[in-house]
Amino acid sequence: MVKTKELSKDTRNKIVALHQAGKTESAIANQLGVKKSTVGAIIRKWKTYKTTDNLPRSGAPRKIPPRGVRMITRTQQAAPVIPSVLPPSALPLELLSETVARFGTVEEVMRYLEPDRWQLDLEELYRPSWQLLGKSYIHGRKSRVLDLSILRDEVRLYSCTPRNFSVSLREELKRTDAIFWPSCLLVKRCGGNCACCSHNCGECQCTSTKVTKKYHEVLQVKQRTGSRILQKSLTDVALDHHEECACQCKGNTEG
């Protein structure tokens, strides 16, 4: 079989650009004078690898069918995320964003990005630039490290946290034989969203990671057996309080 001439990188990039502009494979092939099958192959490569460059190959061509490749990809995506040994500058932006999101302070972020000169970069970060002054500086709120760390801590403290919820005692205790006063009490339960969840999964939810039982003294009223007399007493009811919360992958949580 005669090997066809390889397309230039410029032509491959044009194919992708035309595809993104809404052109069909046939239209692209006619416009650039290449085979429709070649256009389709380049577009599929770009969708899979986000590049039109020739990928390195070793040995014979891959014999795994496309379905097998998709299965392997799904398995890799479901596996736990292992910190990359690549330098930050070599990581794709999406992976770099996930990695940086796990640090607790801006110093840790800078140390990770530039381990050899992070202190100098941190000083440079907060040095005033009269060409580009942010509103926080103009209004006198610019500080060295405090502002960014506070913003990050606010997200951590108020996104997925224990907060007050009112619960009906009869529903909470599953009691149909008695009534209570107060009928509702405040308990600490996990609440909030997980928009910045750092786990590599489809959906995160706010769940409890530490639960304690607390006792509350309430008035209990119930009928005596075999009579209409109401028996009233002070009783202790045990309610679950969420002490600590975390964003975890939905369907893989521990209550």
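Parameters at a glance
Residues numbered from 1 in each chain as written. Predicted model: local features only at pLDDT ≥ 70, side-chain atom pairs only at ≥ 80, totals over all residues. Heavy atoms only, no water. Disulfide = S-S within 2.5 Å. Helix = DSSP H or I, 4+ residues; strand = E, 2+ residues; numbered from the N terminus. Buried < 20%, exposed > 50% of the residue type's maximum accessible area, 1.4 Å probe, protein only. Pairing = 2+ DSSP bridges.

(A) Region of the structure containing the state of the cysteines. Following the criterion strictly, the structure yields three disulfides and no others. Each sulfur in the disulfide pair C160 and C206 lies 2.0 Å from the other. In this structure, the disulfide formed by C160 and C206 twists by about 85 degrees around the S-S bond and is classed as right-handed. With C160 in the loop between α9 (146-158) and β1 (161-168) and C206 in strand β4 (residues 204-223), this residue pair connects regions lying 46 residues apart in the sequence. According to the relative accessible area criterion, C160 is buried, its value standing at 9%.

(B) Inspection of the pairing of β4 at higher detail. Here strand β2 (residues 179-181) runs beside β4; their pairing, made up of three bridges, is antiparallel. Along β4, the bridge assignment pairs I179 with V221. Two strands pair when backbone bridges link them, and β4 and strand β5 (residues 230-249) are joined in this way by 19 bridges, in the antiparallel orientation. The residue of β5 that forms the bridge with S208 is C245. With antiparallel pairing between neighbouring strands as the criterion, β4 and β5 make up a hairpin whose turn holds six residues, including G226 at a positive phi of roughly 80 degrees.

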